[in-house]
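Commentary on secondary and tertiary structure
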Amino acid sequence: MRTLPKDFIMGGATAAYQAEGATKLDGKGLVAWDTWLEEKGRYTAEPASDFYHQYPVDLKLCRDFKIDSLRMSIAWSRIFPNGFGEINQAGVDYYHRVFSECKKQGVIPFVTIHHFDTPKTLFDNGDFLNRENVEHFVNYAKFCFEEFKEVHYWSTFNEIYPVATNQYLTGIFPPEIKFDLKKVVTCLHNMMWAHARAVNIFKDGNYKGEIGVVHSLEPKYPYSEDEKDVHAAAKDDALSIAFLLDATYKGRYSEKTMTLVNEILAANNTSIEFEESDFVAMEKAATQTDFLGINNYQSHWVQNYDGESEIGFNGTGEKGTSYYRIKGIGERVQREDIPKNDWDWAIYPEGLFDLLVRIKEDYPNYGKIYITENGLGFKDDFNDGVIIDDARIEYLRGNFNSISKAVDAGVMVKGYFIWSLMDVFSWANGYNKRYGLFYVDFKTQKRYPKESAYWYKFVSETKVII
Ligand code: BGP
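Residues numbered from 1 in each chain as written. Predicted model: local features only at pLDDT ≥ 70, side-chain atom pairs only at ≥ 80, totals over all residues. Heavy atoms only, no water.

Applied cut-off: UniProt positions are given in the numbering used here, feature names are shortened, and annotations may be inferred rather than shown by experiment.
The protein is annotated in an unreviewed UniProt entry as 6-phospho-beta-galactosidase from Enterococcus canintestini. According to its UniProt record, the protein has this under Sequence similarities (unreviewed entry): "Belongs to the glycosyl hydrolase 1 family." As stated in UniProt under Pathway (unreviewed entry), the record for the protein gives "Carbohydrate metabolism; lactose degradation; D-galactose 6-phosphate and beta-D-glucose from lactose 6-phosphate: step 1/1."

**A short note on the overall build of the protein**
The following threshold applies: The helix and strand labels rest on DSSP assignments: H or I over at least four residues marks a helix, E over at least two residues marks a strand, and numbering proceeds from the N terminus. Our radius of gyration looks at C-alpha atoms and nothing else; its globule reference is 2.2 Å times the residue count to the power 0.38. Each residue is assigned to one of three classes by its accessible area relative to the maximum for its type, calculated with a 1.4 Å probe on protein chains only: buried under 20%, partly exposed between the two thresholds, exposed over 50%. Any two residues having at least one pair of non-hydrogen atoms within 4.5 Å are treated as being in contact. Note on areas: Shrake-Rupley with a 1.4 Å probe; residue coverage comes only from the protein chains shown. All tallies of charge rest on Lys and Arg as positive and Asp and Glu as negative; His and the ends of each chain are not included. A charged residue contributes its charge at one atom only: NZ of Lys, CZ of Arg, CG of Asp or CD of Glu.
Counting its secondary structure elements, the protein contains 15 helices and 15 strands. The globule rule puts the C-alpha radius of gyration for 466 residues at 23 Å, and the 21 Å found for the protein is close to it. With the C-alpha coordinates aligned to their principal axes, the bounding extent of the protein is approximately 55 × 50 × 45 Å. Out of the 466 residues in the protein, the part that is buried amounts to 61%. In the protein, the share of contacts with a sequence separation of at least 24, taken over all contacts with a separation of at least 6, comes to 76%. When the accessible surface of the protein is totalled, it reaches about 17,400 Å², and 50% of it is carbon and sulfur. Separation of charge centres in the protein, based on 53 positive and 68 negative side chains, amounts to 4 Å.

**So, the pattern of salt bridges**
To keep things clear, this is the line we draw: By salt bridge we mean one thing: a side-chain nitrogen of Lys or Arg within 4 Å of a carboxyl oxygen of Asp or Glu.
Taken as a whole and assessed by the stated rule, the structure comprises 34 salt bridges. Between E176 and K40 there is a salt bridge, with its nearest N and O atoms 3.1 Å apart. Here K40 lies in helix α2 (residues 32–40) and E176 lies in the loop between α8 (160–168) and α9 (181–204), a separation of 136 residues in the sequence. Residue class for K40 comes out partly exposed when judged on its relative accessible area of 37%. Between E263 and K235 there is a salt bridge; the shortest N-O distance is 3.5 Å. Taken together, the positions of E263 in helix α11 (residues 255–267) and K235 in helix α10 (residues 227–249) put the pair 28 residues apart, joining distant regions of the chain. By relative accessible area, which is 32% here, E263 ends up partly exposed. What makes K235 buried here is its relative accessible area of 9%. A cluster of three or more residues bridged by salt bridges with shared partners is formed by D380, D389, R392, D423, R434 and K450.

**With respect to the site of the ligand**
Keep this limit in mind: Distances are taken per atom, and a residue is near a molecule or strand as soon as one of its heavy atoms is within 4 Å of it. We define a polar contact as two N or O atoms separated by no more than 3.5 Å, with the added condition that, inside protein, one atom must be a possible hydrogen donor and the other a possible acceptor, whereas residues neighbouring each other in sequence contribute only through side-chain atom pairs.
Around the ligand, the structure places 15 residues, and the nearest of them are Q18, E159, S426, K433 and Y435. Here an oxygen atom of the ligand and a side-chain polar atom of H115 are 2.8 Å apart. Between the ligand and S426, the relevant distance is 2.5 Å, taken from an oxygen atom to a side-chain nitrogen or oxygen of the residue. Computed on the free molecule, the ligand has an accessible area of 380 Å², of which 90% lies beneath the protein chains in the complex.

**As for the environment of Y456**
Tracing the sequence through the fold places Y456 in helix α15 (residues 451–462). The spacing of Y456 and F65 is 391 residues in sequence and 7.7 Å in space, taken between C-alpha atoms. At a separation of 2.6 Å, a polar atom in the side chain of Y456 contacts the main-chain carbonyl oxygen of G11.

**Comments concerning the sheet that holds strand β6 (residues 220–222)**
Worth spelling out the cut-off: Note on pairing: two strands pair once DSSP finds at least 2 bridges between them. Geometry is summarised by axes, namely lines fitted to C-alpha atoms with helices restricted to the contacting stretch, and by angles between N-to-C directions that run from 0 to 180 degrees.
Strand order in the open sheet made by the five strands is β6-β8-β11-β10-β9, with mixed pairing throughout. The open sheet has two free edges, formed respectively by β6 and β9 (310–312), since each of these has just one partner strand. The average angle at which neighbouring strand axes cross in this sheet is 30 degrees, direction not considered. Alignment of strand β10 (residues 323–326) against strand β11 (residues 330–333), held across three bridges, turns out to be antiparallel.

**Remarks on the sheet that holds strand β4 (residues 153–158)**
Spatially, the eight strands close up into a barrel ordered β1-β2-β3-β4-β5-β7-β12-β13, and their pairing is parallel. Neighbour-to-neighbour, the strand axes of this sheet turn through a mean angle of 25 degrees, independent of strand direction. As judged from the three bridges shared by strand β1 (residues 9–13) and strand β2 (residues 69–73), these two strands associate in the parallel manner. Note on β2: the bridge partner recorded for G11 is S69. Strands in contact with helix α7 (residues 131–147) are β3 (108–114), β4 and β5 (210–216); relative to β3, the strand with the most contacts, it is inclined by about 160 degrees.

**Some words on the nonpolar core**
Test applied: By convention a nonpolar core is built from buried Ala, Val, Leu, Ile, Met, Phe, Trp, Tyr and Cys residues, the set being connected through side-chain atoms within 4.5 Å.
W154 and F400 are the most contacted members of the largest nonpolar core, which totals 150 residues. Not counting residues within four places of it along the chain, the set of residues in contact with F400 comprises L4, F8, M10, Y416, W455, Y456 and I465.

**Here's the deal with the confidence of the model for the protein**
What counts, and what does not: Per-residue confidence from the predictor is reported as pLDDT, a score between 0 and 100.
Overall, the predicted model of the protein reaches an average pLDDT of 98, with 100% of residues at or above 70. The ipTM assigned to the predicted complex is 0.98, against a pTM of 0.98.

Take a look at the structure:
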């Protein structure tokens, strides 16, 4: 029987746009998603889980189910409707109310500054491809540190790699640009530079608490021992993992990483150069970042691929409909012996263990790790208020065992945030892909604990993985 450390934080994760609803209420500015989703006509983020009004209910559930901490994000456009300039006091007041309710219920707020929701004015102006927007982000971050002194855990960004690739490689997020590798790398770098500057402001300002960044890290394994497959996996890893961890913990990109990234760019007839001065801020931040947040859901197996880029995105939960082949990188292929969920995400808890150990070895100054997202997207069955989600429990058990083994191997993992606390809106999948410990009836907004919520409570109380 495996256990977790006694002081291990057990949390639940959410994000503003996926949970709050109230997308146009009380002076909130637009985000690109508002108009894009309306144009698509499939679903919107309104009212999502209505966290804007239901937060006392959700925080009470946290208390009742021994969830120590709530990972949530601040919607930039609630504070600055245009991304900068005039402040929307109603938005500021709202977050103060949420934090004070957290305090009342004994729940620690673990707050992300940016979770996929750049204000529309800045998004239309190039988002993080435009270095002016880095200034706006840094100013917004500084405002948060000054204003929300109740918060002692800050993450600058959520998932820089998916921002860059969903926007400019797969095109499943607005502005739906596909296969533009130069934009991908530019976005990754500019966001890492913005992250570094926010960390430095936090540290120079002596604000109380911890600051880090949340990366989506999905291990890449070669599909076979063939050296071409090994090389394809190395390239996929370099762009999606090493580039970001080098930036986070070395403050610049290692030669090995850049050789592989340059090879990818050259295959796509492009190249990149960085401003040397960016690395000054990045190197400074690298030594004072308090934690790494890891979002991990799956692992990938990669084989050599010599064709043009092509992507099939499974956003409906029809098993077997996804494919991913990128020119200059490789093809991600399914391994038949590894189970997948309905959205073709491989369920492989060993990947999380490998990842944790690798970070300790490759980036010895990593400080500490929080698993900031992990969970199973599932079409939950609702029977008169009873939701038996054994598949989710099995998924969690596997991943908790991996974490426990990694802790035994000396990796400093200090907490875990299940994605998601309650069912929320999913950016590219709508509402049938549920992750929550609490089932949300999106019509009535009533919450129902799933079987997994009771399992989670037991683990939180005892630190024993059953
Ligand atoms: C991460 C995001 C979350 C959440 C999660 C599940 O990439 O940080 O916001 O959406 O993935 O993904 P999905 O909803 O696409 O299944």
